[in-house]
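# Architecture and fold: a report
Listed here are the chains, written in short residue letters.
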Amino acid sequence: MAEPGAPRRQSLRFLLLYALAAAGGAIAYVPFLTIWLPGRMTALAGDADVQSLGYVTFFGAIAASIGGIVFGWLSDRTGNRRIWIASGLVFTIALLLAVPLAPDVGTLIGIIAAWQLSLNMILGPLAAWAGDCVPDDQKGLLGGLLAFSPALGAWSGALVTFPGLVSAEARLVVIAALVAAAILPVLLFGRPRPFPELTAPTPATADGERASHPTAPAVRMWLARLLVQISEAALFAYLYFWFRSIDPDMHDNEKARLFSIALTTAVPIALAAGRWADRNDRPFRPLVVSAAVSAAGLVGMALASGPDLAKASYLVFGIATTVFLSLHASQTLRILPRAERRGRDLGIFNLTNTVPSLIMPWLTISLVPGFGFDALFLLLAALTSAAVLLLATMPRFPSAR
């Protein structure tokens, strides 16, 4: 039994179920967008597959941006996160299974855009639910658990492509089943302890106004994540081509293995860093350190002339960036100005995940053909270093709740 006056904590059972549900989002999009969709686009578009895939990325990013804000706001207004998550799960699975039925590229783009909307019907309210249920002194632990999401996304991709295990025709069915298996437990069995102080409306000031504009810490956190996400998006899209330029003989399986190693290694590091942040009440220190290490990894990648240094530098970047993004997702919940608008505000933060998909291609096209990947990585290192400065100079402040 907890001692009187001791801080109340959310149950570990709910945190684990929540982290599994969050991983369901990664399981939904990683194998689908990186493995299944490119092959299907080639079958439908032929030689125009790269251009068509660009259209999918563009319109999908717009749909995801809109969905995150709209469904987060709707879950605020209704005061019910579960119903939106459950509805989004139904639509996501239905649209995922409808994708193979698209007879042409235009129809496929439309289905993917609708699928992105439904996926964010899950992710927007799900992110806000953590803010409703997880106190500040457990947000570091939550961030560490969220590091499982990209790792499980990568592992699910390896599972559905394992030779002889799943046929190409059944891959989407297996992905849909994995998504349901990840998200349904928290909806059916998640019974979080209530924390009324986390959902209480923001008190009005003396003049009767409530905070409606983003706070300075919120702006800094938003910009820092955007800068790091631009680097992550560039590496996600062009890692294959960079490794090919460094070592033309590197097998695809080795590239995929490096990607999985980075994501998997990040999990225990994120958990340890998150727990350290909770115990020492230094929520943003691990973000500064991980962003700095990420920038160092990018510099190493820019200087790499052989495969050994290239692989080592990528692992440094990949691990540090995964740790940063996982911990950032949970610590963002501290600095949102109004609990009653938490879902909407997190939808705005979600733009840092989608906007880089619109920015990154222009950076790459502008730099790589004329100056090579070295120039791109140095620019990304500079952007990530700017994120370090934004967070390192942020004044320490008491949490709002």
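Structure: see above.
Attention in this report is confined to the structure presented alongside it. The structure displayed is predicted, hence computed values, not measured ones.

## Thoughts on the overall build of the protein
Of regular secondary structure, the protein possesses 14 helices and 0 strands. Each helix (α) and strand (β) of the protein, taken in turn from the N terminus, gives the series α-α-α-α-α-α-α-α-α-α-α-α-α-α. Dimensions of the protein, computed from the C-alpha atoms along their principal axes, are close to 65 × 45 × 40 Å. Taking all 401 residues of the protein together, 50% fall into the buried category. Considering only intrachain contacts with a sequence separation of at least 6, the fraction spanning at least 24 residues in the protein is 84%. Carbon and sulfur atoms provide 67% of the accessible area of the protein, an area that totals close to 17,800 Å². Side-chain charges of the protein comprise 29 positive and 23 negative groups, with the mean position of each set lying 9 Å from the other.

## Describing the environment of Arg342
The residue Arg342 is located in helix H13 (residues 342-349) in this model. Put simply, Arg342 and Gly300 are 42 residues apart on the chain and 38 Å apart in space, counted from C-alpha to C-alpha. A polar atom in the side chain of Arg342 sits 2.9 Å from the backbone oxygen of Leu198.

## A closer look at the side chain of Gln331
Position of Gln331 relative to the elements: it lies in helix H12 (residues 307-331). Discounting residues that sit within four places of it in the chain, Gln331 has contacts with Lys139, Gly140, Met221, Pro283 and Phe284.

## Details of helix H1 (residues 12-45)
End to end, H1 covers 48 Å across 34 residues, agreeing with the expected 50 Å (1.5 Å per residue, within 8%). At Leu33, H1 shows its strongest bend, of approximately 45°. Gly46 occupies a position one or two residues after H1 and carries a positive phi of about 65°.

## Focus on the pattern of salt bridges
Counting across every chain of the model gives 8 salt bridges. In this structure, the salt-bridge partner of Asp132 is Arg342, at a minimum N-O distance of 2.6 Å. With Asp132 in helix H4 (residues 105-133) and Arg342 in helix H13, this residue pair connects regions lying 210 residues apart in the sequence. Take Asp132: its relative accessible area is 12%, and that puts it in the buried class. For Arg342, a relative accessible area of 5% translates into the label buried. Between Asp278 and Arg275 there is a salt bridge, and its shortest N-O distance comes to 3.8 Å. Of the two residues, Asp278 and Arg275 both sit in helix H10 (residues 252-280), 3 residues apart, roughly one turn of that helix. Of the residues examined, Asp278 reaches a relative accessible area of 11% and is grouped as buried. For Arg275, a relative accessible area of 23% corresponds to the partly exposed category. The network of salt bridges with common partners includes Asp76, Arg81, Asp132 and Arg342.

## Some points on the packing of helix H5 (residues 139-146) against H12
The geometry of a pair of packed helices is captured by two quantities: the angle between their axes and the separation between those axes. One way to put it is that H5 packs onto H12 with a least axis distance of 7 Å and a crossing angle of 140°. For the element pair H5 / H12, the angle class is oblique. For the pair H5 and H12, the sense of crossing is right-handed. Residues Lys139, Gly140, Leu142, Gly143, Gly144 and Leu146 of H5 lie in contact with H12, whose contacting residues are Ser326, Leu327, Ala329, Ser330 and Gln331.

## Topic: unusual backbone geometry
Positive phi, close to 50°, is recorded for Asp281, a residue that is not glycine. Its place among the elements puts Asp281 in the loop between H10 and helix H11 (285-303).

Reading the values: the criteria
- Residues numbered from 1 in each chain as written.
- Predicted model: local features only at pLDDT ≥ 70, side-chain atom pairs only at ≥ 80, totals over all residues.
- Heavy atoms only, no water.
- Helix = DSSP H or I, 4+ residues; strand = E, 2+ residues; numbered from the N terminus.
- Buried < 20%, exposed > 50% of the residue type's maximum accessible area, 1.4 Å probe, protein only.
- Contact = heavy atoms within 4.5 Å.
- Areas by Shrake-Rupley, 256 points an atom, 1.4 Å probe, with all protein chains shown as cover.
- Lys, Arg positive; Asp, Glu negative; His and termini not counted.
- Charge placed at Lys NZ, Arg CZ, Asp CG, Glu CD.
- Polar contact = N/O pair within 3.5 Å; in protein donor to acceptor, adjacent residues only side chain to side chain.
- Expected span 1.5 Å × (residues − 1).
- Bend = angle between axes of the 7 residues up to and from the residue.
- Salt bridge = Lys/Arg side-chain N within 4 Å of Asp/Glu carboxyl O.
- Axes fitted to C-alpha atoms, helices over the stretch in contact; angles between N-to-C directions.
- Parallel < 35°, antiparallel > 145°, perpendicular 65-115°, else oblique.
- Left-handed = near helix turned anticlockwise from the far one by under 90°.

Such coordinate-based values are descriptive only and should not be taken to indicate function.
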